[in-house]
Amino acid sequence: FNRSEQDTTNYNELRYDKLVQAFGFTQGVNAVGNPILVANPNAATQSFNFNSPTAGGVTADQLRVDARDHAKSQFQVLDLKGSGEVGQLPGGAIGLALGAEYRKEERVVNPDINKQNGNIFGRGVASADGERNVKTLFAEAVLPLVKGVEVQVAARYDRYSDYGSSTTPKLGVK
């Protein structure tokens with residue numbers, strides 16, 4: 001069992017909406033619905049005052065935001081393995097290993113609401129909220145055919161609740 005939580009704060013990020021306003025623009029949309037910047041007719045009173053950062057229509061404090069993200073992950077694993085010798089061949093003992101595993105994974109990543117809304121200048125965002133179960137079976141045999149020559153045969157089967165299954169075979173001669 002493993003559980004991890006993380007809170008991350010990015011200090012003094014620039015708010016996109018206030019940055020646009022600070023330079024005398026507003027946000028609009030064009031004829032096909034894409035976002036564009038439009039000159040703000042009230043820019044003289046609503047923009048940033050570079051001579052007095054605390055006195056304009058947009059202040060330095062309004063430009064800055066501390067973006068807080070929260071993430072949590074949890075894993076539960078049940079693992080069974082066994083190995084041993086199961087017989088003889090001319091080259092030596094036959095080795096066999098068998099195993100099974102059950103794994104449950106959960107992840108939640110919640111970015112700051114300003115990031116989710118595209119309101120942090122120059123930042124993308126990724127969020128996650130999901131879980132999956134993985135069931136695994138595997139086997140491996142080492143077959144010493146003659147002294148100095150052995151064959152390795154193995155297979156692994158994984159079944160994922162969110163994607164399907166995969167089988168991975170292996171054959172080797174040494």
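Residues numbered from 1 in each chain as written. Predicted model: local features only at pLDDT ≥ 70, side-chain atom pairs only at ≥ 80, totals over all residues. Heavy atoms only, no water.

Asker: Please clarify how the packing of aromatic side chains should be interpreted in this entry.
Answerer: For any pair of aromatic rings, geometry is given as the distance between the ring centres together with the angle between the planes. Applying the stated criterion across every chain yields a total of four aromatic pairs. For the ring pair Tyr 16 and Phe 121, a centre distance of 6.5 Å and an interplane angle of 5° mean the geometry is stacked. With a gap of 105 residues between them, Tyr 16 in helix H1 (residues 16-22) and Phe 121 in the loop between helix H4 (113-116) and strand S6 (128-146) connect regions that are remote in the sequence. Residue classification places Phe 121 among the partly exposed residues on the basis of a relative accessible area of 45%. Among the aromatic side chains, those forming a connected cluster through ring pairs are Phe 23, Phe 48 and Phe 50. (Phe/Tyr/Trp six-rings, centres within 6.5 Å; stacked < 30°, edge-to-face > 60°. Helix = DSSP H or I, 4+ residues; strand = E, 2+ residues; numbered from the N terminus. Buried < 20%, exposed > 50% of the residue type's maximum accessible area, 1.4 Å probe, protein only.)

Asker: It is not clear to me how unusual backbone geometry should be interpreted in this structure. Could you clarify?
Answerer: With the exception of glycine, the majority of residues adopt a negative phi angle, and the majority of peptide bonds are in the trans configuration. Of note in this structure, Asn 12 is not a glycine but carries a positive phi near 55°. Here Asn 12 shows up in strand S1 (residues 2-14). Using a relative accessible area of 49% as the deciding quantity, one classes Asn 12 as partly exposed.

Asker: Explanation requested: the pairing of strand S7 (residues 149-160) in the structure shown.
Answerer: Every other side chain in a regular strand lies on the same face of the sheet, so the side chains alternate between the two faces. In this structure, S6 lies alongside S7, joined through 12 bridges in antiparallel fashion. Bridge pairing in S7 places Lys 135 opposite Arg 159. The sheet contact formed by S7 and strand S8 (residues 164-173) spans 10 bridges and is antiparallel. Across the sheet, Val 151 pairs through a bridge with Val 173, a residue of S8. Hairpin connection of S7 to S8: three residues between the antiparallel strands. (Pairing = 2+ DSSP bridges.)

Asker: Any chance you could explain the pattern of salt bridges here in plain terms?
Answerer: Between side chains of opposite charge, pairing is possible as soon as their charged atoms come close. Taken as a whole, this structure holds 11 salt bridges when the rule is applied. With its nearest N and O atoms 3.1 Å apart, the salt bridge here joins Glu 5 to Arg 3. For Glu 5, a relative accessible area of 46% translates into the label partly exposed. You can call Arg 3 partly exposed: its relative accessible area is 44%. A cluster of three or more residues bridged by salt bridges with shared partners is formed by Glu 101, Arg 103, Glu 105, Arg 132 and Asp 162. (Salt bridge = Lys/Arg side-chain N within 4 Å of Asp/Glu carboxyl O.)

Asker: What is the right way to read the environment of Val 77 from this model?
Answerer: Counting through the fold element by element, Val 77 comes out in strand S4 (residues 64-89). With a relative accessible area of 45%, Val 77 lands in the partly exposed category. When the C-alpha positions of Val 77 and Ile 120 are compared, they lie 38 Å apart, and in sequence the two are 43 residues distant. Once residues lying within four places of it in the same chain are set aside, the contact partners of Val 77 are Glu 101, Tyr 102 and Arg 103. (Contact = heavy atoms within 4.5 Å.)

Asker: Mind showing me how you'd approach the sheet that holds S4 here?
Answerer: Backbone hydrogen bonds hold the strands of a sheet together, and the pairing may be parallel or antiparallel. Taken in spatial order, the six strands make up an open sheet running S1-S4-S5-S6-S7-S8, and their pairing is antiparallel. Looking at the sheet topology across the chains shown, the edges are occupied by S1 and S8. Averaged over all neighbouring strand pairs, the angle between strand axes comes to 15°, with direction disregarded. Pairing analysis gives 11 bridges linking S1 to S4, with the strands arranged antiparallel. Across the sheet, the residue bridging to Asn 2 is Phe 75, located in S4. (Axes fitted to C-alpha atoms, helices over the stretch in contact; angles between N-to-C directions.)

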